[in-house]
There are 2 protein chains.
Amino acid sequence: MPTTRATSEPPQTGRGRRGQRVSGDEREAAILATAERLLEEARPLADISVDDLARGAGISRPTFYFYFPSKDAVFLTLVDRLVQQAAVGQGDLRERLAEDPAKRWREALTVFYETFGAHRAVVIAGAQARTSNPEARALWSEVMEGWVADATLAIEAERERGAAPAGIPARELAIALVSMNERVLYATFADDAPAIDGERVVEVLLDVWLSAVYGRGEIPN
Amino acid sequence: MPTTRATSEPPQTGRGRRGQRVSGDEREAAILATAERLLEEARPLADISVDDLARGAGISRPTFYFYFPSKDAVFLTLVDRLVQQAAVGQGDLRERLAEDPAKRWREALTVFYETFGAHRAVVIAGAQARTSNPEARALWSEVMEGWVADATLAIEAERERGAAPAGIPARELAIALVSMNERVLYATFADDAPAIDGERVVEVLLDVWLSAVYGRGEIPN
DNA sequence: GGATCTGTCAACACGCTGTCGAGAAGCATG
DNA sequence: CATGCTTCTCGACAGCGTGTTGACAGATCC
């Protein structure tokens, strides 16, 4: 499926076109912009055709293939961008260790909520792509893995300094909590199923994180 | 898309064919069986064509449409079944109220793990269908809503009898926890991304449920 | 002023979905 | 045992979407 043309190709700019300088960069940008625009209208990802993308960018369908190897690659690029954006927002927090933990955790959750909330359409498309596109799945796995690693370290640090009690392996806990974040935020953004209101979602997630990390699951009675 | 033929139709048996007695029931069953079998091989749902289903059941493609209105309807039926199965398994627990809460919660989680774990392929297909098929999305929403309602009641009951402390609205907490279950179990079954080992997953989920419901998120220091 | 890029598209080959119309196959009943 | 009704079956078609090919225009460099 990749069918990456075997012509002499430099470093490879992004996930898109393989050429380098030419003004055609605008075209690439136009395709991306069209994709995001269409996602905000035509609901399901599958309902957007290569032709829609091409026409939206003012080119023909074959020309589209000059810039991107497939429709999915376009959305992959969109998701890629967003993920990097979130990583940047998170970056600052990583250093500032625990001193006012609750505040730190809330900040971290807020960054996710805001970064992804600002591009709901892309988030939703990403979730769709993930189920059908192996590359998308791999990308998202990697991203989640990163968050889990961060959370694991944070939990372990809190345990070591005596702030949090010992408990199940930090990594397992981190996976459960990060997964919860993913699913709950998705539902909130997609206004799907039983969802938590946007105003409340960070508060609710924080509550679960704090009790899971710092609380003991002791049952009275 | 439904295009339900307007011929005189009785009650409507399931989501499938509209006829009634005839031996063609075997055909319907064969299609369903083929669907589940193919899901266990050909990875993505999208890679299974109506033709595959038809051939697998020993009929031609047009004949398939006599039994099911579309490919999705077949998978919907599969999911429907599974969900009902899980409801049955859960049913017993609902009555037996809280006396050994930890044990009860563990049992409930175990039922999900085992019921869905026994049909991973269907679970995975359901998740895929949900992203692209409105009907599937609605069905799953309903199911989740049911679990959330149960969990909400259980949490409120525990709070009323003084076993659990007051906290954020029970429904919000229930949504977060049920969502976590969904996502984490899915990852485990699909062996996706950062996943928790099957042997451990119930234990881990239980731990988070117990601390979220019974614990206080107080941070020392 | 020819070689060589980048960029562009009409036309094609193919695969999949869903429908239509022409029947077989079963089973009543007069 | 026709005759008719319903159930069931499929060949053939229309339509849409993808991805590829091949021809060709305009820069640009030498």
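Residues numbered from 1 in each chain as written. Chains lettered and ligands numbered in written order. Predicted model: local features only at pLDDT ≥ 70, side-chain atom pairs only at ≥ 80, totals over all residues. Heavy atoms only, no water.

Asker: Any details on the packing of aromatic side chains? Residues and values, ideally.
Answerer: Aromatic ring pairs are described here by two measures, namely the spacing of the ring centres and the angle between the planes. All names here are of chain A. On inspection of all chains with the given rule, the structure shows 18 aromatic pairs over all chains. With a centroid separation of 4.6 Å and 65° between ring planes, the pair formed by Phe112 and Trp147 is classed as edge-to-face. Of this pair, Phe112 sits in helix α5 (residues 101–117) while Trp147 sits in helix α7 (residues 134–160), placing them 35 residues apart in sequence. The exposure class assigned to Phe112 is buried, which follows from its relative accessible area of 13%. Through a chain of ring-to-ring contacts, three or more aromatic side chains come together here, namely Phe112, Phe116, Trp140 and Trp147. (Phe/Tyr/Trp six-rings, centres within 6.5 Å; stacked < 30°, edge-to-face > 60°. Helix = DSSP H or I, 4+ residues; strand = E, 2+ residues; numbered from the N terminus. Buried < 20%, exposed > 50% of the residue type's maximum accessible area, 1.4 Å probe, protein only.)

Asker: Could you give an account of the pattern of salt bridges, naming the residues involved and the relevant values?
Answerer: Where charged atoms from two side chains of opposite charge approach closely, those side chains can pair. All names here are of chain A. Enumeration according to the criterion identifies 18 salt bridges over all chains in this entry. Measuring nitrogen to oxygen at the nearest pair gives 2.9 Å for the salt bridge that ties Arg171 to Glu145. With Arg171 in helix α8 (residues 170–190) and Glu145 in helix α7, this residue pair connects regions lying 26 residues apart in the sequence. Its relative accessible area of 29% is what places Glu145 among the partly exposed residues. (Salt bridge = Lys/Arg side-chain N within 4 Å of Asp/Glu carboxyl O.)

Asker: Explain unusual backbone geometry to me, and be specific about the residues and the numbers.
Answerer: Although it is not a glycine, A:Asp191 adopts a positive phi angle of roughly 55°. Mapped onto the elements, A:Asp191 comes out in the loop between α8 and α9 (198–214). Under the relative-accessibility criterion, A:Asp191 is labelled exposed at 67%. Here B:Ala193, not a glycine, exhibits a phi torsion of approximately 40°, which is positive.

Asker: An account of the packing of α5(A) against α9(A) is needed here, citing residue identities and associated values.
Answerer: Residue and element names in this part refer to chain A. Here α5 crosses α9 at 135°, and the two axes come no closer than 10 Å. The angle between α5 and α9 falls in the class oblique. Between α5 and α9 lies a crossing of right-handed hand. In this structure, α5 uses Pro101, Ala102, Trp105, Arg106, Leu109, Thr110 and Tyr113 to contact α9, whose residues at the interface are Gly198, Val201, Val202, Glu203, Leu205, Leu206, Trp209, Leu210 and Tyr214. (Axes fitted to C-alpha atoms, helices over the stretch in contact; angles between N-to-C directions. Parallel < 35°, antiparallel > 145°, perpendicular 65-115°, else oblique. Left-handed = near helix turned anticlockwise from the far one by under 90°. Contact = heavy atoms within 4.5 Å.)

Asker: Summarise the interface of chain A and chain B; cite the residues concerned and give the values.
Answerer: In this assembly, 49 residues from chain A lie in contact with 49 residues from chain B. Between B:Glu172 and A:Arg200 there is a salt bridge, and its shortest N-O distance comes to 2.8 Å. Connecting chain A to chain B are six residue pairs in polar contact (both at pLDDT 80 or more). Looking at the side of chain A that touches chain B, the elements that each hand over two or more residues are α5, α6 (120–132), α7, α8 and α9 of chain A. Here the side of chain A that touches chain B gets 11 residues from one element, more than from any other, and that element is α8(A). Along the lines of polarity and charge, the residues of the side of chain A that touches chain B split into 26 nonpolar, nine polar and 14 charged. (Polar contact = N/O pair within 3.5 Å; in protein donor to acceptor, adjacent residues only side chain to side chain. Nonpolar A, V, L, I, M, F, W, Y, C, P; charged D, E, K, R; others polar.)

The values are spatial; any link to function lies outside them.
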